[in-house]
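The lines below spell out each chain.
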Amino acid sequence: MSAITKFMTPGLDIIRTKRVIKINLTPENTWLLTLKTNEQLTAKAIVVEIPAPQPS
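Predicted model only: the values in this text are computed from it and were never measured.

Quick word on the sheet that holds strand S3 (residues 40–43)
A sheet is described by the order of its strands in space; here 3 strands give the open sequence S1-S2-S3, paired in antiparallel fashion. Of all strands in the sheet, those with a lone pairing partner are strand S1 (20–25) and S3, marking the two edges. The mean inter-strand angle of the sheet, taken between neighbouring strand axes irrespective of direction, is 20°. Both S1 and strand S2 (residues 31–35) contribute to a ladder of 5 bridges, which runs antiparallel. When the sheet's bridge partners are listed, Asn 24 is paired in S2 with Leu 32.

What to know about the pairing of S3
A regular strand places its side chains on the two faces of the sheet in alternate fashion. Here 4 bridges tie S2 to S3, and the two strands are oriented antiparallel to one another. Its bridge partner being in S3, Trp 31 is matched across the sheet by Ala 43. The antiparallel pairing of S2 with S3 creates a hairpin that spans 4 residues between the two strands, and Asn 38 there sits at a positive phi of about 70°.

Here we look at a nonpolar patch on the surface
Residues Val 20, Ile 23, Ile 46, Val 48 and Ile 50 make up a contiguous nonpolar surface patch of roughly 450 Å² in combined accessible area. Examined against the element boundaries, Val 20 turns out to sit in strand S1. Looking at Val 20, the relative accessible area reads 36%, which means it is partly exposed.

Focus: the side chain of Thr 34
Here Thr 34 shows up in strand S2. Note on Thr 34: relative accessible area 10%, which makes it buried. At 3.3 Å, the side chain of Thr 34 forms a polar contact with the side chain of Gln 40. Apart from the residues within four sequence positions on either side, Thr 34 is in contact with Arg 19, Val 20, Ile 21, Lys 22, Glu 39 and Gln 40.

Considerations on the confidence of the model for the protein
Fine structural detail should not be taken from predicted coordinates in areas where pLDDT scores are low. Residues at a pLDDT of 70 or more form 98% of the protein, whose mean pLDDT is 87. By mean pLDDT, the top-scoring element of the protein is S2 (97), and the lowest-scoring one is helix H1 (residues 2–8) (78).

Cut-offs applied
Residues numbered from 1 in each chain as written. Predicted model: local features only at pLDDT ≥ 70, side-chain atom pairs only at ≥ 80, totals over all residues. Heavy atoms only, no water. Pairing = 2+ DSSP bridges. Helix = DSSP H or I, 4+ residues; strand = E, 2+ residues; numbered from the N terminus. Axes fitted to C-alpha atoms, helices over the stretch in contact; angles between N-to-C directions. Patch = residues over 30% accessible without salt bridge, like charges linked within 9 Å, V, L, I, M, F, W, Y side chains within 5 Å. Areas by Shrake-Rupley, 256 points an atom, 1.4 Å probe, with all protein chains shown as cover. Salt bridge = Lys/Arg side-chain N within 4 Å of Asp/Glu carboxyl O. Buried < 20%, exposed > 50% of the residue type's maximum accessible area, 1.4 Å probe, protein only. Polar contact = N/O pair within 3.5 Å; in protein donor to acceptor, adjacent residues only side chain to side chain. Contact = heavy atoms within 4.5 Å. pLDDT = per-residue confidence, 0-100.

Encoded structure:
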């Protein structure tokens, strides 16, 4: 699956395996993300992904 992502997103900064605890829209219409480590990131767009349910 990572090959598809890399093909579709050249030049984008993809951050994975980081836990976001808070998402806020700023007055500049950008997103402010606060990570579990209290680090903050600003983005023009975000994609939220959750784990898919696993078959039992």
